Amino acid sequence: MASTDRAALVSRLRTAGCVYAEDEAELLLAAADSPGRLAELTDRRVAGEPLEYLLGWAEFDGLRIAVDAGVFVPRARTALLVEAAAELTGPASAVVDLCCGSGATTVALAHRLAPRFLAAADIDPVAVACARRNVVGLNVEVYEGDLFAPLPRRWRGRLDLVLANAPYVPTDAVALMPPEARLHEAPVALDGGPDGLSVLRRVGAEATRWLAPGGHLVVEAGSTQVVALCDAFGAAGLAPTVRHDEELDATAVIARRPG
């Protein structure tokens, strides 16, 4: 592609509000196998379609994760959950990743840990299908269902780690999210109820029955939600702590089942 055409592509993306227009232009050029295909991808991006859907993948924790249309796009900040989880669990641990979406955190955990078993679950069938593609070859089972509901009953009280990137955006705030998210990602992956904590409260309440004594729950939340979430986890019988990463602008709540 001529430099003038490349510059025009960057300019068009920047005008459309793409903050990293130069980087996006390079990715679109690499993804297009013809001028017609490039024009199509560019039109869709300018119209607001997430770049990850156009490429068919997203980068997460140094890995390339397949992402299908409608599936929650993994955010860089969620790498804090993976980092925290990796520090909490030893070898031969039993790990479950709830609200797994594309399976990005599941794949990252598989590369970071040496678990006895690793499983994931999501309520969205489209996300489950995407996650199953991403975990091929990793000996990971992906279940479809609401939180812990689809997991084998024999795992109750035996899990060393539960990780959950559950939705935590308050219902009224979903409309304020960038169009890329609110118009394209599944609402079930974004809407966390009136105060954003409806799903996370359920995760904490149910985790006490699934974690082994001394096991940990690791979740992502907004920085203004941690006090209420820690209170909820404490009421559920868990001992919570908070971890924040300024560089990632990420907040994780880590809750341990005593024992």
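The model shown is predicted, which means the values in this text are computed figures rather than measured ones.

*Asks:* What should I look at first to understand the packing of helix H5 (residues 79-88) against helix H6 (residues 104-112) in this one?
*Replies:* In helix packing, the relevant descriptors are the interaxial angle and the interaxial distance, both defined with respect to the helix axes. Packing of H5 against H6 leaves a shortest axis separation of 10 Å and a crossing angle of 35°. Classified by chirality, the crossing of H6 by H5 is right-handed. Mapping the contact onto sequence places Val 82, Glu 83, Ala 85 and Ala 86 in H5 and Thr 105, Ala 108, Leu 109 and Arg 112 in H6. For the contact of H5 with H6, the residue count by class is five nonpolar, one polar and two charged.

*Asks:* Whenever I open this one, the pattern of salt bridges confuses me. Can you help?
*Replies:* Opposite charge on two side chains permits pairing when their charged atoms draw close. Under the definition given, this model contains 17 salt bridges. Glu 180 is the partner of Arg 45 in a salt bridge, and the nearest nitrogen-oxygen pair spans 2.6 Å. Here Arg 45 is found in helix H3 (residues 35-46), whereas its partner Glu 180 is found in helix H9 (residues 179-182), with 135 residues between them in sequence. Take Glu 180: its relative accessible area is 31%, and that puts it in the partly exposed class. Between Arg 77 and Glu 220 there is a salt bridge; the shortest N-O distance is 3.2 Å.

*Asks:* It is not clear to me how the environment of Leu 197 should be interpreted in this structure. Could you clarify?
*Replies:* Mapped onto the fold, Leu 197 is located in the loop between H9 and helix H10 (198-210). We classify Leu 197 as buried; its relative accessible area is 2%. Remark: the alpha-carbon pair of Leu 197 and Glu 52, spanning 145 residues in sequence, is separated by 27 Å. Once residues within four sequence positions are removed from consideration, Leu 197 is found in contact with Gly 192, Gln 225, Ala 228 and Leu 229.

*Asks:* Sorry, what's going on with unusual backbone geometry here?
*Replies:* Note: most residues except glycine have negative phi, and most peptide bonds are trans. In the Ramachandran plot, Asp 61 falls in the positive-phi region, its phi being about 50° despite a non-glycine side chain. Relative to the helices and strands, Asp 61 is located in the loop between strand S1 (57-60) and strand S2 (63-66). You will see that Leu 147, though not glycine, has its phi angle at about 50°, which is positive. Topologically, Leu 147 is positioned in the loop between strand S5 (141-144) and strand S6 (159-164).

*Asks:* Would you explain the packing of aromatic side chains in this entry?
*Replies:* Each aromatic ring pair is summarised here by two numbers: the centre-to-centre distance and the angle between the ring planes. Within the structure shown, the criterion is met by three aromatic pairs. Measuring from ring centre to ring centre gives 4.5 Å for Phe 117 and Trp 155, while their planes differ by 25°; the resulting arrangement is stacked. Of this pair, Phe 117 sits in strand S4 (residues 117-122) while Trp 155 sits in the loop between S5 and S6; the two residues are 38 residues apart in sequence, bridging distant segments of the chain. Take Phe 117: its relative accessible area is 21%, and that puts it in the partly exposed class. Residue Trp 155 is classed as buried on the basis of its relative accessible area of 8%. With 5.4 Å between their ring centres and 15° between their planes, Phe 148 and Trp 210 make a pair best called stacked.

*Asks:* What exactly am I supposed to notice about the packing of helix H2 (residues 21-31) against H3 here?
*Replies:* Packing of H2 against H3 brings their axes to within 9 Å, and their N-to-C directions diverge by 140°. Regarding the angle of H2 to H3, the classification is oblique. For the pair H2 and H3, the sense of crossing is right-handed. Touching Glu 24, Leu 28, Leu 29 and Ala 31 of H2 are Leu 38, Leu 41, Thr 42 and Arg 45, all from H3.

Conventions and cut-offs
- Residues numbered from 1 in each chain as written.
- Predicted model: local features only at pLDDT ≥ 70, side-chain atom pairs only at ≥ 80, totals over all residues.
- Heavy atoms only, no water.
- Axes fitted to C-alpha atoms, helices over the stretch in contact; angles between N-to-C directions.
- Helix = DSSP H or I, 4+ residues; strand = E, 2+ residues; numbered from the N terminus.
- Left-handed = near helix turned anticlockwise from the far one by under 90°.
- Contact = heavy atoms within 4.5 Å.
- Nonpolar A, V, L, I, M, F, W, Y, C, P; charged D, E, K, R; others polar.
- Salt bridge = Lys/Arg side-chain N within 4 Å of Asp/Glu carboxyl O.
- Buried < 20%, exposed > 50% of the residue type's maximum accessible area, 1.4 Å probe, protein only.
- Phe/Tyr/Trp six-rings, centres within 6.5 Å; stacked < 30°, edge-to-face > 60°.
- Parallel < 35°, antiparallel > 145°, perpendicular 65-115°, else oblique.

Scope: geometric values only; no functional claims are made or implied.
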